[in-house]
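What follows is each chain in one-letter form.
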Amino acid sequence: MNENILKVDDLCKTYRTARGDVSALDGISLEIQRGEVLGLVGESGCGKSTLAKALMRLIEVDRGSIELDGVDLLTLRGEELRSQRHRFQMIFQDPFASLNPRQRVSSILEAPLVVHKRGAASERRDRVDWLMKKVGLRPEMADRLPHEFSGGQRQRIGIARAIALNPEFIICDEPVSALDVSVRAQVMNLLADLRKEFSLSYLFISHDLSIIRHIADRVAVMYLGRLVEVGSPKKIFSAPSHPYTRALLDSFPAPDPSKAATKNRQVLRGEVPSPINPPSGCRFHPRCPIATELCAREQPELLPTAHGDFVACHFPLNGESRLLTAAAATPKS
Ligand code: ADP
Ligand code: MG
């Protein structure tokens, strides 16, 4: 058994569009340990869902490798791929779009069992009842159609479908972003409970730092198709090493507004640049308060720091003071 349930190396994906080539993933490498939750954060459009779809083999990549428990997924085809399919599953952002509106919930949940030839009809029905209960829904409700459920209930159905085949690894792509704030915590708690009960590993994607902080064992920060920082939540949230992480934290509403007012906040400047013709060197350099000519020229590699995290920056921060001093010393026009 591998210590890493997932190992991704140098994954690259460029979408060819009429407006030009979109570099959505540019050399993504990461590992997720068995039972671990890796949180992936970054602004909208930075390539998070592209990574999720690539891992699920829903899109083809241009380069790189994906190993699930030592099995090279990208070389698998047809029956071989199907034989691994049950081991990794995905929960989508929009539970309504991902459920067939004309299919009763019972057949939505039974479908993966049928495809993978799990049990006789009566056993499958028992399994559907069990799945409904596991996600906090009454089994009788399985006779209904998706539109008869609330948003939170629909996401519970999406979760039930994802765990139907006893997966080891689940990609959660913004699983609560489309839900009412009032039900987000309930769905997050359900995901946390299931993780514990079934020793699941998650790649947990969100643009919302407070959600990542809540669930992640380790955090990866993504910017325009690249990872810029990977580390423990404690390190990332208290003393980020990358100026982008710092700016992302500062652009989020602080839990304590009185602190926020006195703090010298580094707010993100400008728009996310287009991934068509992305910036040279460090892709964050046009928005970075401490960027130099080197940053525009040379792409920084993701390297370990003395503080136990990994950062891709020519001038990693040493706590918060460094950035603020540097920014004050080199004002940009
Ligand atoms: P995120 O999930 O972080 O918001 P995405 O992975 O959805 O980011 O998108 C990354 C980039 O790739 C964006 O610029 C987006 O417009 C582009 N993109 C996503 N899907 C496609 C596609 N099917 N064709 C062309 N461009 C795409
Ligand atoms: Mg997305």
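Residues numbered from 1 in each chain as written. Chains lettered and ligands numbered in written order. Predicted model: local features only at pLDDT ≥ 70, side-chain atom pairs only at ≥ 80, totals over all residues. Heavy atoms only, no water.

1. What about the packing of helix α5 (residues 151-163) against helix α6 (residues 181-198)?
- Between α5 and α6, whose axes approach to 10 Å, the crossing angle comes to 15°. When the interaxial angle is binned, α5 and α6 end up roughly parallel. Taken as a pair, α5 and α6 cross one another with a handedness that is right-handed. Contacts between α5 and α6 involve Gly152, Gln155, Arg156, Ile159 and Ile163 from the first element and Val183, Gln186, Val187, Leu190, Leu191 and Leu194 from the second. (Axes fitted to C-alpha atoms, helices over the stretch in contact; angles between N-to-C directions. Helix = DSSP H or I, 4+ residues; strand = E, 2+ residues; numbered from the N terminus. Parallel < 35°, antiparallel > 145°, perpendicular 65-115°, else oblique. Left-handed = near helix turned anticlockwise from the far one by under 90°. Contact = heavy atoms within 4.5 Å.)

2. Notes on the sheet that holds strand β11 (residues 303-304)
- Taken in spatial order, the eight strands of this open sheet run β6-β7-β8-β3-β9-β10-β12-β11, and their pairing is mixed. Two strands bound the open sheet, and with one partner strand each, they are β6 (88-91) and β11.
- Sheet strands in contact with α6 are β3 (37-41), β6 and β8 (201-205), and its direction is about 155° off that of β8. (Pairing = 2+ DSSP bridges.)

3. Quick look at the nonpolar core
- Core analysis: the largest hydrophobic core is formed by 59 residues, its most contacted members being Tyr202 and Phe204.
- Core analysis: the next-biggest nonpolar cluster, separate from the first, contains 34 residues, Ile32, Val61, Ile66 and Leu76 among them. (Core = buried A, V, L, I, M, F, W, Y, C linked by side-chain atoms within 4.5 Å. Buried < 20%, exposed > 50% of the residue type's maximum accessible area, 1.4 Å probe, protein only.)

4. Structural notes on the site of ligand 1
- Around ligand 1, 13 residues are found, and the nearest of them are Gly45, Lys48, Ser49, Thr50 and Pro275.
- Gly45 places a polar main-chain atom, nitrogen or oxygen, 2.6 Å from an oxygen atom of ligand 1.
- The side chain of Lys48 places a nitrogen or oxygen atom 2.9 Å from an oxygen atom of ligand 1.
- For ligand 1, whose unbound accessible area comes to 560 Å², protein coverage reaches 64%.
- Every element with two or more residues in the shell around ligand 1 is listed here: β1 (4-17), β2 (20-33) and α1 (48-55).
- A per-class count over the shell around ligand 1 returns five nonpolar, six polar and two charged. (Near = heavy atom within 4 Å. Polar contact = N/O pair within 3.5 Å; in protein donor to acceptor, adjacent residues only side chain to side chain. Areas by Shrake-Rupley, 256 points an atom, 1.4 Å probe, with all protein chains shown as cover. Nonpolar A, V, L, I, M, F, W, Y, C, P; charged D, E, K, R; others polar.)

5. Section: the sheet that holds strand β5 (residues 71-72)
- Ordered by their spatial adjacency, four strands build an open sheet running β2-β1-β4-β5, and the pairing between neighbours is antiparallel. The outermost strands of the open sheet, each flanked by one partner alone, are β2 and β5.
- Contacts from α1 reach β1, β2 and β4 (63-68) within the one sheet, and its direction differs from that of β1 by about 115°.

6. Quick word on the pairing of β3
- Judged by how many residues are buried, β3 sits mostly within the fold: five of five residues are covered.
- Residues Val37, Gly39 and Val41 of β3 are buried on one face, and the alternating residues Leu38 and Leu40, pointing to the opposite face, are buried as well.
- Bridging between β3 and β8 involves four bridges; their strand directions are parallel. Within β8, the residue paired with Gly39 across the bridge is Phe204.

7. Some remarks on the side chain of Glu174
- Looking at where Glu174 falls in the secondary structure, it is placed in the loop between β7 (169-173) and α6.
- A polar atom in the side chain of Glu174 sits 2.5 Å from the side chain of Ser177.
- Looking at Glu174, its side chain comes within polar contact range of the side chain of His207, at 2.9 Å.

8. Quick notes on the pairing of β8
- Taken across its five residues, β8 has five buried, putting it largely inside the fold.
- Neither face of β8 is left uncovered, since the one carrying Ser201, Leu203 and Ile205 and the one carrying Tyr202 and Phe204 both have all their residues buried.
- Pairing geometry for β7 and β8, over five bridges, is parallel. Paired with Cys172 across the bridge in β8 is Phe204.
- With respect to chirality, the unit in which β7 leads through α6 into the neighbouring parallel β8 is right-handed. (Right-handed = clockwise from strand over helix to strand, strands pointing away.)

9. A look at α6
- For α6, spanning 18 residues, the distance from its first C-alpha to its last is 26 Å, which sits close to the expected 26 Å at 1.5 Å a residue.
- Buried within α6 we find Val187, Met188, Leu190, Leu191, Leu194 and Arg195. Down the axis of α6, the buried side of the element spans an arc of 160°, and every buried residue falls inside it. Exposed and facing more than 90 degrees away from the buried side of α6 are Ser182 and Lys196.
- Looking at the buried positions of α6, the neighbouring elements they touch are β3, β6, α4 (121-134), α5, β8 and α7 (209-215). (Expected span 1.5 Å × (residues − 1). Arc of directions from axis to C-beta.)

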